[in-house]
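Structural features, examined
One letter stands for each residue in the lines below.
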Amino acid sequence: MSSGSMQVPVGRAVIVRVPATSANLGPGFDTLGLALGFYDQLEVSTRSEPGATVEVIGEGAADSAAPVSTDASNLVVQSIAHAFAHAGVAMPGLNLRAHNQIPHSRGMGSSSAAIVSGLVAAQGLLEGIFDFDADTLLRLATDLEGHPDNVAPALFGGLTIAWTTEDGPRCKRLLVHRGVSPLVLVPSFTMSTKQARALQPESVPHEDAIFNVSRSSLLVAALTQSPELLFESTEDKLHQDYRAEAMPQTSSLIKLLREHGFAAVVSGAGPSILVLCSDPAQRVEAAKLVAQHEESPWRALMLAVDFAGASYAPAE
């Protein structure tokens, strides 16, 4: 559908919901991602006055330790603008209300959620004016995020395998075995993705690369068919050890969990920890172990796998 000279009517409003995500999953560095049942919600409405105002509730609110911007520099607003520019439609004035639940700078995909929520909000506002297909949404999200491993599960849900071609990013979405029970352990301290990536070497030993190819391949099978293989399939030699010195508490807790047979990995760039359990009972045992051994608080989130991905609906 061509946008032509059409404009979004004043007063059009949508509500968007986007899941948290965990990327890498151990060996699947910059490739695998999982959508989690923990959500940011965004309300957007158009207005006659130009510009954008953002009200933030929850994570990143004005009274939080690291408040996010509430004007046109806000990442959600930038994402909406990016989508409107692609559609060739003038962006209207906007009122946004962001209900943020996903922790910031913790390895749970908060920036990807912001980007995806903006793009999906634009998709809803432009319904009937311009159509966004899945490939376009993934490409626009990757434009802003830099890589597709977090934005893919945020957009489409489930387990995603993401890769990049000469024609742009691609992903394959897979259904996760019903026994897989994610536990996310969230600390009070933060870690910047940029800082974590700076610790990554430009090259790794040949045998380490082979090791990770085997484990990431096995992990896809474990997550979709054979959860009993989760522990062995989450071994990694490409990124976690290199970043351990920057997250000693994360590293030591992962070591403790793995010594007790739990498939614990760094969630995204950290410092949160993802424990991929084979059933809900095992997840409870992992949370108990952490509570017994850790003096500093770790928030235990027992989450479902999100299978729907980002969605929007007209606001009443």
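The structure we're discussing is the one just above.
No experiment lies behind these values; they were computed from the predicted model shown.

Further remarks concern the overall build of the protein chain. Secondary structure summary: the protein chain contains 10 helices and 11 strands in total. Against the 2.2 N^0.38 benchmark of 20 Å for 316 residues, the protein chain shows a C-alpha radius of gyration of 20 Å, consistent with a compact globule. With the C-alpha coordinates of the protein chain rotated into their principal frame, the extents come out at 60 × 45 × 35 Å. Split into buried and exposed, the 316 residues of the protein chain put 53% on the buried side. Contacts in the protein chain between residues at least 24 apart in sequence constitute 74% of all its contacts with a sequence separation of at least 6. Put simply, the protein chain shows about 13,800 Å² of open surface, and 51% of that area lies on carbon and sulfur atoms. Computing the positive centroid from 20 side-chain charges and the negative centroid from 33, the protein chain places the two 3 Å apart.

So, about unusual backbone geometry. Going from G270 to P271, the amide bond is cis rather than trans, its omega being 5°. With respect to the helices and strands, P271 occurs in the loop between β8 (264-266) and β9 (273-277). In this model, N24 sits at a positive phi of 75°, which is unusual for a non-glycine residue. Position of N24 relative to the elements: it lies in the loop between β1 (13-23) and β2 (32-47). Phi at L25 takes a positive value of approximately 60°, unusual for a residue other than glycine. Position of L25 relative to the elements: it lies in the loop between β1 and β2.

Attention now goes to the layout of surface pockets. Considered as a void within the structure, the largest pocket measures approximately 910 Å³ in volume. In terms of lining residues, the largest pocket is bounded by 49 residues, among which H104, S105, G109, S110 and S111 are the most central. Elements with a contribution of two residues or more to the lining of the largest pocket: β1, β2, β3 (52-58), α1 (75-87), β4 (93-100), α2 (110-125) and α5 (193-198). Among the elements that make up the lining of the largest pocket, the one with the highest residue count is α2 (six residues). When its residues are assigned to classes, the lining of the largest pocket shows 18 nonpolar, 22 polar and nine charged. The volume enclosed by the second largest pocket comes to roughly 280 Å³. Looking at the second largest pocket, it is lined by 16 residues, and the ones nearest its centre are D236, Q240, D241, I254 and R258. Among the elements that take part in the lining of the second largest pocket, helix α9 (residues 248-259) stands out by supplying five residues, more than any other. Looking at side-chain class alone, the lining of the second largest pocket contains six nonpolar, four polar and six charged residues.

Quick notes on the rules
Residues numbered from 1 in each chain as written. Predicted model: local features only at pLDDT ≥ 70, side-chain atom pairs only at ≥ 80, totals over all residues. Heavy atoms only, no water. Helix = DSSP H or I, 4+ residues; strand = E, 2+ residues; numbered from the N terminus. Rg over C-alpha atoms; globule rule 2.2 N^0.38 Å. Buried < 20%, exposed > 50% of the residue type's maximum accessible area, 1.4 Å probe, protein only. Contact = heavy atoms within 4.5 Å. Areas by Shrake-Rupley, 256 points an atom, 1.4 Å probe, with all protein chains shown as cover. Lys, Arg positive; Asp, Glu negative; His and termini not counted. Charge placed at Lys NZ, Arg CZ, Asp CG, Glu CD. 1 Å grid on protein atoms, 1.4 Å probe; cavity = no way out; pocket = protein on both sides within 12 Å on 5 of 7 lines; lining within 4 Å. Points joined across faces, edges and corners; volume = space filled by probe spheres on them. Nonpolar A, V, L, I, M, F, W, Y, C, P; charged D, E, K, R; others polar.

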